[in-house]
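# Remarks on the overall topology
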Amino acid sequence: MTLSIKNKALAAFIAISALSLPLFAADNQLTAQEKTEGWQLLFDGTDMSQWRSFKQPTVNEKWKIEDASITLTAGGGGDLISKKSYKNFELALDWKIAEVGNSGILILADEKGKYIYSHAPEIQILDNERHPDNKLDTHLSGSLYDMIASPVASHKKAGEWNTTKIRLEHSALTVWQNDVQTAKVTIGSDEWNSLVANSKFASWPGFAKAKAGHIGLQDHGDKVWFKNIKIKELN
């Protein structure tokens, strides 16, 4: 075999090998680009060391790792809260809810109130078809709970994996579910204040007043799974 033929064969082998490389990181891992961009994992598929239970030093035993996912196996586990607090950030995670299930993702959470949601806005997780809290559009999955309704195009059936992305930058909040924008509003703006005034949170002192807070994963008594939880802090 001549040198030119060898070179061509080598080039063809490299090209075929490149086609076989994964375009995305495996579950609970970051791509090289994400690492360069400053993303950090909040769960690596093996431990929950970056989380603890609300107002507790450790994670309740009802939160377990199943199928490389943080899993609430039964009600009574309590809400999870990130150990670290965040101000300006992009958060991305995948979630799956059991049939007739309810859960949520909370931002700007603190531990000053009785509940994790006392002061924290929530992005809803729900079995939209079966759970009884499906009567209001603002209570369906992907909604800024009781404030901004998510589009139908963002919804999936219970038991299917969903991707939620949340960006909070200088109080400007944007939410996407399954690549569909579900909410966009600036916390503290006239629009926000109007939404709060017309919600269940109107009489809740301190609601969404914090400029920084923890990420929360809600125990609403139903089985729920979370994976690929990653965050990028913004300046």
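Anyway, here's the lowdown on the structure attached to this text.

Rules used in this analysis
- Residues numbered from 1 in each chain as written.
- Predicted model: local features only at pLDDT ≥ 70, side-chain atom pairs only at ≥ 80, totals over all residues.
- Heavy atoms only, no water.
- 1 Å grid on protein atoms, 1.4 Å probe; cavity = no way out; pocket = protein on both sides within 12 Å on 5 of 7 lines; lining within 4 Å.
- Points joined across faces, edges and corners; volume = space filled by probe spheres on them.
- Helix = DSSP H or I, 4+ residues; strand = E, 2+ residues; numbered from the N terminus.
- Nonpolar A, V, L, I, M, F, W, Y, C, P; charged D, E, K, R; others polar.
- Core = buried A, V, L, I, M, F, W, Y, C linked by side-chain atoms within 4.5 Å.
- Buried < 20%, exposed > 50% of the residue type's maximum accessible area, 1.4 Å probe, protein only.
- Pairing = 2+ DSSP bridges.
- Contact = heavy atoms within 4.5 Å.

We now examine the layout of surface pockets. Taken as a whole, the second largest pocket spans an internal volume of roughly 290 Å³. With three residues, the single largest contributor to the lining of the second largest pocket is helix α3 (residues 190-197). Residue classes in the lining of the second largest pocket are distributed as 11 nonpolar, five polar and three charged.

On to the nonpolar core. One recurring pattern in soluble globular proteins is that nonpolar side chains are buried together. Residues Leu91, Phe226 and Ile229 are the most contacted members of the largest nonpolar core, which totals 42 residues. The greatest single-element share of this core, amounting to five residues, is contributed by strand β6 (residues 89-97). Counting six residues, the second-largest nonpolar core is a separate cluster that includes Ile81, Ala109, Ile116 and Ala120.

Among the nine residues that make up β6, nine are buried, leaving the element largely enclosed by the rest of the structure. Both faces of β6 are covered, namely the face carrying Phe89, Leu91, Leu93, Trp95 and Ile97 and the face carrying Glu90, Ala92, Asp94 and Lys96. Pairing between β6 and strand β13 (residues 224-233): eight bridges, direction antiparallel. In the strand pairing of β13, alanine 92 is matched with lysine 230.

Right, let's get into the side chain of asparagine 28. Tracing the backbone through its elements, the reader meets asparagine 28 in the loop between α1 (3-20) and α2 (32-37). Under the relative-accessibility criterion, asparagine 28 is labelled buried at 3%. Once residues within four sequence positions are removed from consideration, asparagine 28 is found in contact with Leu41, Phe43, Asp44, Gly45, Ala68, Lys227 and Asn228.

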